[in-house]
Protein chains: 2
Amino acid sequence: MSNPADRLIRITDAKDERIADFRNIRERDLVGRSGRFIAEGTVVLRMLARSRRFGAEKILVLENRVSGIEHILEAFDPDTPIMVCDRKVIDAIAGFPMHRGVLAIGRSDPPQDIAQALAGLKDDALVLVCSGISNHDNMGGLFRNAAAFGVDLICLDGQCCDPLYRKSIRVSVGAALTVPYARGGGIGEMADTLDGAGFQLLALSPKGVRAIDDVKPKRRTALVVGTEGEGLPESLLKRIDTARIPQAPGLDSLNVGTAAAIALFSIASALGRVR
Amino acid sequence: MSNPADRLIRITDAKDERIADFRNIRERDLVGRSGRFIAEGTVVLRMLARSRRFGAEKILVLENRVSGIEHILEAFDPDTPIMVCDRKVIDAIAGFPMHRGVLAIGRSDPPQDIAQALAGLKDDALVLVCSGISNHDNMGGLFRNAAAFGVDLICLDGQCCDPLYRKSIRVSVGAALTVPYARGGGIGEMADTLDGAGFQLLALSPKGVRAIDDVKPKRRTALVVGTEGEGLPESLLKRIDTARIPQAPGLDSLNVGTAAAIALFSIASALGRVR
């Protein structure tokens, strides 16, 4: 096993070309779209090290953080450059105080398409379908909650934002790197594909017909959630089963990530998938 | 009824003394501790207008937003100054682009103490007890979810942050102004007070003995949640009932607001309080 301490590259100048990718990470948040993304923090770096779907192009660590994460650094390919710097450099490149002091440029293959991803699932499968989730915090929360309740696959329609955006990964506590996901186009087409693969589709909506805890989920269930403001399109709500979360009167305004968590908890419990 | 359009005060200079309270609201976030707080956005302003516990000292609205919220402005005391300005002024005072364009300085009485607040509750009561919640987003999320499931009272221990911090109010979607809350000291003492008032105390913890959906809640139930990192103190977990949220193995990391939402949903459903 290579000792990462032996191959640390010391960076003393924020303008050093070897850390150009890290400069101004606020503005580079959207590198996900190009198949590259920014991972920050120890928890996320550990998940990146373990991942088979994602790799690291380079790592930048604050000098006083190195000794605490050597076991994580060891897990990366020996060719992965590991650079260290002091606080002045890391704050200068980030454009704001980077308290965490652990950064990596991650690399991802293009996401699978829905049909391809569904083909890889077992007979018992729980899928979360997201339509029009454009807020990065919500996207991160959905991944975090999906991980907690053992979701096998997340399907994103064409209107969803990128789960590999820096803030999404952070809010997901790294689940954006662990829960498999696929990208489709329109929500109607995705519903057809899931239906064809034997999934019971269940739309979560304040206007849902049944209370979520009255639903008897099937072995293959796909929970569909939409954007907070608009909700799911009427055309979809008309053709698939719908469920609502019982709430105090006069309110229908749970955050979409929270609503999904309650529904996933209810479904996963009913199926005996969690205990 | 006074027509608010007749009494608008036009502000053309960001340095105008009449809007001094609004200047640099990022740094003034903590006015809550002095009994004053910043409310932003139409939804929150509407709740402030309706509230009996909170009042408005002054209101500042972007000129193009006035006509859409006249019905809300009418509901405030006619002595409340309503000022209007253009985007240049509002962006200059906030120190960042204030897309919402609706701001108020709210005023609050000191929060009730726990015993006083409990004395006002009905025989059937659902209480949420928060210990050491120091993150303002989490505090806002807890209020939002408490509102959704009809919580009658939130008890905050001395380590909790202020729910009237600007970001908490915003994340709560105004529920920080609608759900009654009280402030206590140590969590142990609060547990004694609740116990004395006939409440069944139930601590939510990844180490909880029973699954939350196996709990048979009593007519007076107090759900206790702690900070995400440390969790609730062992001394408390030893003396009261504990429950956990069933999850996929290897994870115990739901966000505290999300975990509370699931537990409140489960308790409120079991008690028939929501439908």
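Here is what the cut-offs are and how they apply
- Residues numbered from 1 in each chain as written.
- Chains lettered and ligands numbered in written order.
- Predicted model: local features only at pLDDT ≥ 70, side-chain atom pairs only at ≥ 80, totals over all residues.
- Heavy atoms only, no water.
- Domains from an automatic or database assignment.
- Contact = heavy atoms within 4.5 Å.
- Buried area = accessible area lost by both parts, 1.4 Å probe.
- Salt bridge = Lys/Arg side-chain N within 4 Å of Asp/Glu carboxyl O.
- Helix = DSSP H or I, 4+ residues; strand = E, 2+ residues; numbered from the N terminus.
- Nonpolar A, V, L, I, M, F, W, Y, C, P; charged D, E, K, R; others polar.
- Polar contact = N/O pair within 3.5 Å; in protein donor to acceptor, adjacent residues only side chain to side chain.
- Least-squares fit on C-alpha atoms with pLDDT ≥ 70 in both.
- Buried < 20%, exposed > 50% of the residue type's maximum accessible area, 1.4 Å probe, protein only.
- Pairing = 2+ DSSP bridges.
- Right-handed = clockwise from strand over helix to strand, strands pointing away.
- Axes fitted to C-alpha atoms, helices over the stretch in contact; angles between N-to-C directions.

Draft legend 1. Focus on the domain arrangement of chain A. Residue and element names in this part refer to chain A. If you check the domain split of chain A, you get domain 1 (4–108) and domain 2 (112–270). Opposite the 19 residues of domain 1 that make contact, domain 2 presents 17 residues. Summed over both partners, the interface of domain 1 with domain 2 buries about 1500 Å², with 61% contributed by carbon and sulfur atoms. Scanning the region where domain 1 abuts domain 2 turns up 2 salt bridges. For Glu40, the salt bridge goes to Arg170, with nearest N and O atoms at 3.3 Å. Here the side of domain 1 that touches domain 2 gets 4 residues from one element, more than from any other, and that element is helix 1 (residues 42–50). Here the residues of the side of domain 1 that touches domain 2 are counted per class, giving 10 nonpolar, 3 polar and 6 charged.

Draft legend 2. Spatial organisation of the interface of chain A and chain B. Contact with chain A, which involves 25 residues of that partner, is made by 25 residues of chain B. Between chain A and chain B lies a buried interface of about 2100 Å² when both sides are counted; carbon and sulfur atoms form 64% of it. In this structure, the connection of chain A to chain B is made through 0 salt bridges. Where chain A packs against chain B, one counts 2 residue pairs in polar contact (both at pLDDT 80 or more). Looking at the side of chain A that touches chain B, the elements with two or more residues in it are helix 5 (136–148) and helix 9 (256–270) of chain A. Examining the composition of the side of chain A that touches chain B, we find that 5 residues originate from one element, helix 9 of chain A, more than from any other. The class makeup of the residues in the side of chain A that touches chain B is 13 nonpolar, 7 polar and 5 charged.

Draft legend 3. The relation of the copies chain A and chain B, seen in detail. With an RMSD of 0.0 Å, the fit of chain A onto chain B corresponds to turning through 180° and sliding 0.0 Å along the axis. Those values place the two copies in the arrangement expected of a two-fold rotation axis.

Draft legend 4. Seen up close, the side chain of Arg144 of chain B. With respect to the helices and strands, the residue Arg144 of chain B is situated in helix 5 (residues 136–148). Contacts of Arg144 of chain B, omitting those with residues within four sequence positions, involve Glu228, Ser253, Leu254 and Asn255 of chain A together with Val171, Ser172, Val173 and Ala175 of chain B.

Draft legend 5. Spatial organisation of the pairing of strand 8 (residues 153–156) of chain B. Residue and element names in this part refer to chain B. Side chains of strand 8 alternate between two faces, with Leu153 and Cys155 and Ile154 and Leu156 buried alike. Where strand 7 (residues 125–131) and strand 8 come together, 4 bridges link them in parallel fashion. Opposite Leu128, over in strand 8, you have Ile154 as the bridge partner. What joins strand 7 to strand 8 is helix 5, and the crossover it makes is right-handed. In the sheet, strand 8 pairs with strand 9 (residues 181–183) via 3 bridges, with the strands oriented parallel. Within strand 9, the residue paired with Ile154 across the bridge is Tyr181.

Draft legend 6. Local environment of the sheet that holds strand 5 (residues 102–108) of chain B. All names here are of chain B. Spatially, the 5 strands line up as an open sheet ordered 1-4-3-5-2, and their pairing is mixed. Each having just a single partner strand, strand 1 (8–10) and strand 2 (36–40) make up the two edges of the open sheet. On average, each strand axis in the sheet is tilted by 25° relative to the strand beside it, whichever way the strands run. In this sheet, strand 4 (residues 82–85) lies alongside strand 1 in parallel orientation, the contact comprising 3 bridges. Looking at strand 4, one finds that Leu8 is bridged to Ile82. Sitting on the sheet, helix 1 (residues 42–50) is in contact with strand 2, strand 3 (54–62) and strand 5, with an inclination near 35° to strand 5. Across the sheet, helix 3 (residues 87–94) lies against strand 3, strand 4 and strand 5, angled at about 125° from strand 3, the strand it touches most.

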